[in-house]
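Secondary and tertiary structure notes
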Amino acid sequence: MFVTDIRKEFYDVVVNQRVALFVSPDIDALCACKVLQALFHCDQVQYTLVPVAGWQDLGTAFMEHKEQYQYFVLINCGANVDLLETLQPEEDSVFFICDTHRPVDVVNVYNDTQIKLLIKQDDDLGVPSYDDIFRDDEEDEEGDGDDSGNESDGSAEPSGKRRRYDEDALERRIERQRARREWEARRREILFDYEQYEFHGTSAALVMFELAWVMSKDTKDMLWWSVIGVTDQWVHDKIPHMKYVTDIATLQRHVSRHNHRNEDEENSLSIDCMRITFEYDLRLVLYQHWSLYESICNSCYTSCSFKLWSINGQKKLQEFLADMGLPLKQVRQKFNSMDMSIKENLREVIEESANKFSMKDIRVQTFAVNFGFKNRFLASDVVHAAAALLENVEKDEMPTDNFIKALDCLSRSNLERLHLGIDLAKKKLKAIQQTVASCICTNLILSQGPFLYCHLLEGTPDVKLFSKPLALTLLCKYLLKFSCVCVFCFIRSFFGRAFEKAAESTSSRTLHDHFDTSVIELKMEDRGKFLDALITLLS
């Protein structure tokens with residue numbers, strides 16, 4: 001059931017209860033978790049935080065906590081499957097689901113007792129009507145019973161009349177069966193149209209921030225977390241650009257309100273102050289924490305535009321740097337060490353030269369935050385840093401440890417951890433860039449008709465990194481852009497359903513454990529027949 005009044009139907013219900021909080025390992029979920037944690041701390045709500053990486057983790061976590069808790073909050077997990085069928089909970093268990101995964105399972109939508117969906121109704125949900133997908137079988141059973149009962153009662157009637165009655169009852173039964181078959185066929189068609197594409201809705205962090213705003217408990221930290229949540233969706237191509245612009249406009253109004261409210265406060269210029277600003281900044285990843293040259297080489301937008309894996313691409317990059325008129329010494333050193341005279345109008349210089357090289361979208365709407373006078377971060381910087389910490393493979397640590405570190409880096413009191421995440425993100429982006437160049441130069445990207453296919457062999461450098469969903473998503477984004485293919489498949493993807501059908505039809509051994517249905521694990525021995533079935537399905 002969709003919750004219409006999130007304060008009354010969700011927060012007021014759990015504020016005096018003990019709550020189990022199950023959080024998916026993605027940046028938007030982490031940000032939503034931070035907002036909800038701040039609200040819980042404000043009202044002294046007792047809760048237990050449990051990271052859940054997939055459906056198996058979710059089932060295990062529920063089994064461990066179902067005896068102690070009645071109320072469960074699920075962030076970015078649980079909406080796109082029949083949750084009651086999956087978890088088999090007791091009748092008094094209640095699940096509040098704040099999830100961006102679409103489509104929402106229809107059973108979750110129409111269960112009004114145990115499932116409460118914290119999802120914005122203005123998203124393009126397209127949920128089928130109740131009568132189209134659910135049918136009361138009792139009417140058919142009663143009709144059949146009446147027919148059989150009347151037939152037995154009619155034993156005293158003349159045989160001719162009874163025969164006519166039997167024929168009428170049989171015709172009615174056949175008509176009901178035909179109508180039911182037609183209804184079931186229409187139901188399958190409606191559900192297929194509704195469920196075939198996987199996509200994402202409004203950021204969970206933004207939903208939680210709006211809850212805080214409704215209760216007049218929103219802070220700048222909460223606002224910054226919601227900014228990061230929306231930016232995460234943009235960085236990983238989970239939402240179309242117009243949806244991103246719309247959500248950014250919503251956040252911009254909140255930023256203006258907070259900045260105006262704090263203009264007269266004494267600490268507005270203190271060394272500990274926090275200021276969020278709306279900006280049209282460069283689409284150069286981590287450029288304020290890197291050298292400009294490294295950022296251009298490892299940013300998806302510029303590296304794809306120049307085709308930097310080729311000799312001509314490298315020449316074009318040199319022409320671009322020459323056109324900007326910036327000394328190579330300045331371009332290759334850390335941004336913080338560049339001359340102030342160059343940094344003052346750097347954006348304008350880069351944008352002017354980018355237009356000459358057909359990069360007309362080099363600037364994008366975003367937000368930046370200043371902590372005191374020294375630390376400045378773009379929202380995308382924090383997304384990359386948190387994702388690198390979350391999927392860190394340099395040390396053999398438990399996923400839960402990485403989850404906590406990524407969560408901690410979002411707090412302004414843990415800037416050292418954020419800087420550590422930025423260093424890891426640089427290594428990750430370099431690894432992606434090198435892997436893409438290697439795949440292109442060795443012709444590892446193959447066209448399979450309706451889709452592109454790339455196989456990273458065991459022993460490939462950094463292959464362990466790409467066993468993680470966020471890193472794999474970024475790699476796929478780079479590969480698609482390098483191949484001059486539109487990336488709409490990240491926004492509305494049919495792969496989830498196609499993977500399931502291909503695995504089912506070929507009896508391939510797969511593991512569908514990720515909350516994103518378009519991420520699966522497949523036995524190497526079954527790869528050939530699985531791909532053949534996938535090509536047939538998508539052709």
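Under an unreviewed UniProt entry, the name given to the protein chain is CDC45 cell division cycle 45 homolog (S. cerevisiae), and the organism recorded is Cyprinus carpio. The UniProt entry for the protein chain carries the following text under Subcellular location (unreviewed entry): "Nucleus". Within the UniProt record for the protein chain, the comment given under Sequence similarities (unreviewed entry) is "Belongs to the CDC45 family."

Focus: the sheet that holds strand β10 (residues 375–378)
On the basis of which strands lie adjacent, the open sheet formed by 3 strands has the order β8-β9-β10 and antiparallel pairing. Only two strands of the sheet have a single partner each, and these edge strands are β8 (274–282) and β10. Pairs of neighbouring strands in the sheet enclose a mean axial angle of 25°, with direction left out of account. With 9 bridges connecting them, β8 and strand β9 (residues 363–371) associate as antiparallel partners. Bridging across to β9, arginine 275 finds its partner in asparagine 370. Helix-sheet contacts for helix α10 (residues 220–235) involve β8, β9 and β10, and the interaxial angle to β8 is about 25°. Against the sheet, helix α20 (residues 415–441) engages β9 and β10, with an angle of about 50° to β10.

Thoughts on a negative patch on the surface
A contiguous patch of negative charge, built from Glu67, Glu90, Glu91 and Asp92, is present on the exposed surface. Counting through the fold element by element, aspartate 92 comes out in the loop between α4 (83–87) and β4 (94–98). In this structure aspartate 92 comes out as partly exposed when scored by relative accessible area, which is 48%.

Points about the packing of aromatic side chains
In total, this model carries 26 aromatic pairs according to the counting rule given. The interplanar angle of 45° and the centroid separation of 5.5 Å between the aromatic rings of phenylalanine 40 and tyrosine 47 together place this pair among those described as tilted. Where phenylalanine 306 meets phenylalanine 357, the ring centres are 6.2 Å apart and the plane angle is 80°; that geometry is what we call edge-to-face. Taken together, the residues phenylalanine 306 in helix α13 (residues 300–306) and phenylalanine 357 in the loop between α17 (346–356) and β9 connect sequence positions 51 residues apart. Grouping aromatic residues by their ring pairs yields a cluster made of Phe10, Tyr11, Phe40, Tyr47, Tyr71 and Phe96. Its end group placed over the ring of tyrosine 69, arginine 18 keeps NZ or CZ at 4.7 Å from the ring centre. Its guanidinium or amino end placed over the ring of phenylalanine 335, lysine 343 lies 5.1 Å from that ring's centre, counting from NZ or CZ.

As for the side chain of asparagine 76
If you trace the backbone, asparagine 76 turns up in the loop between β3 (71–75) and α4. Owing to a relative accessible area of 1%, asparagine 76 belongs among the buried residues under this scheme.

Thoughts on the packing of helix α2 (residues 27–43) against α10
Contact pair α2 / α10: the axes reach a minimum separation of 8 Å and the direction vectors enclose 165°. In terms of orientation, α2 lies roughly antiparallel with respect to α10. As for how α2 packs across α10, the hand of that crossing is left-handed. Note on element contacts: α10 touches α2 through Met222, Trp225, Ile228, Gly229, Asp232 and Gln233, opposite Ile27, Asp28, Cys31, Lys34, Val35, Ala38 and Leu39.

Brief notes about the pattern of salt bridges
Applying the stated criterion across every chain, the model contains 23 salt bridges. For glutamate 351, the salt bridge goes to arginine 363, with nearest N and O atoms at 3.0 Å. Of this pair, glutamate 351 sits in helix α17 while arginine 363 sits in strand β9, and the two are 12 residues apart along the sequence. Between arginine 417 and aspartate 408 there is a salt bridge, and its shortest N-O distance comes to 3.3 Å. Exposure remark for arginine 417: the relative accessible area of 29% places this residue in the partly exposed category. Linked through salt bridges whose partners overlap, the residues forming this network are Glu279, Asp281, Arg347 and Arg376.

Some remarks on the environment of phenylalanine 10
The topology assignment puts phenylalanine 10 in helix α1 (residues 6–14). Excluding residues within four positions of it along the chain, phenylalanine 10 makes contact with Asp5, Leu36, Val73, Phe96, Leu118, Met208 and Leu211.

Side note on the sheet that holds β3
Strand pairing in a sheet is mediated by backbone hydrogen bonds. Such pairs are either parallel or antiparallel. The strand order β2-β1-β3-β4-β6 describes an open sheet built from 5 strands, whose pairing is parallel. Looking at strand neighbours, the two that pair on one side only are β2 (47–51) and β6 (115–117), the edges of this open sheet. For this sheet the average axis-to-axis angle between neighbouring strands, irrespective of direction, equals 20°. In the sheet, β4 pairs with β6 via 3 bridges, with the strands oriented parallel. If you follow phenylalanine 96 over to β6, its bridge partner there is lysine 116. Packed onto the sheet, α2 meets β1 (19–23), β2 and β3 and runs at close to 160° relative to β1.

Cut-offs used in this document
- Residues numbered from 1 in each chain as written.
- Predicted model: local features only at pLDDT ≥ 70, side-chain atom pairs only at ≥ 80, totals over all residues.
- Heavy atoms only, no water.
- UniProt positions renumbered as here; feature names shortened; annotations may be inferred.
- Pairing = 2+ DSSP bridges.
- Helix = DSSP H or I, 4+ residues; strand = E, 2+ residues; numbered from the N terminus.
- Axes fitted to C-alpha atoms, helices over the stretch in contact; angles between N-to-C directions.
- Contact = heavy atoms within 4.5 Å.
- Patch = residues over 30% accessible without salt bridge, like charges linked within 9 Å, V, L, I, M, F, W, Y side chains within 5 Å.
- Areas by Shrake-Rupley, 256 points an atom, 1.4 Å probe, with all protein chains shown as cover.
- Salt bridge = Lys/Arg side-chain N within 4 Å of Asp/Glu carboxyl O.
- Lys, Arg positive; Asp, Glu negative; His and termini not counted.
- Charge placed at Lys NZ, Arg CZ, Asp CG, Glu CD.
- Buried < 20%, exposed > 50% of the residue type's maximum accessible area, 1.4 Å probe, protein only.
- Phe/Tyr/Trp six-rings, centres within 6.5 Å; stacked < 30°, edge-to-face > 60°.
- Lys NZ or Arg CZ within 6 Å of the ring centre and 35° of its normal.
- Parallel < 35°, antiparallel > 145°, perpendicular 65-115°, else oblique.
- Left-handed = near helix turned anticlockwise from the far one by under 90°.

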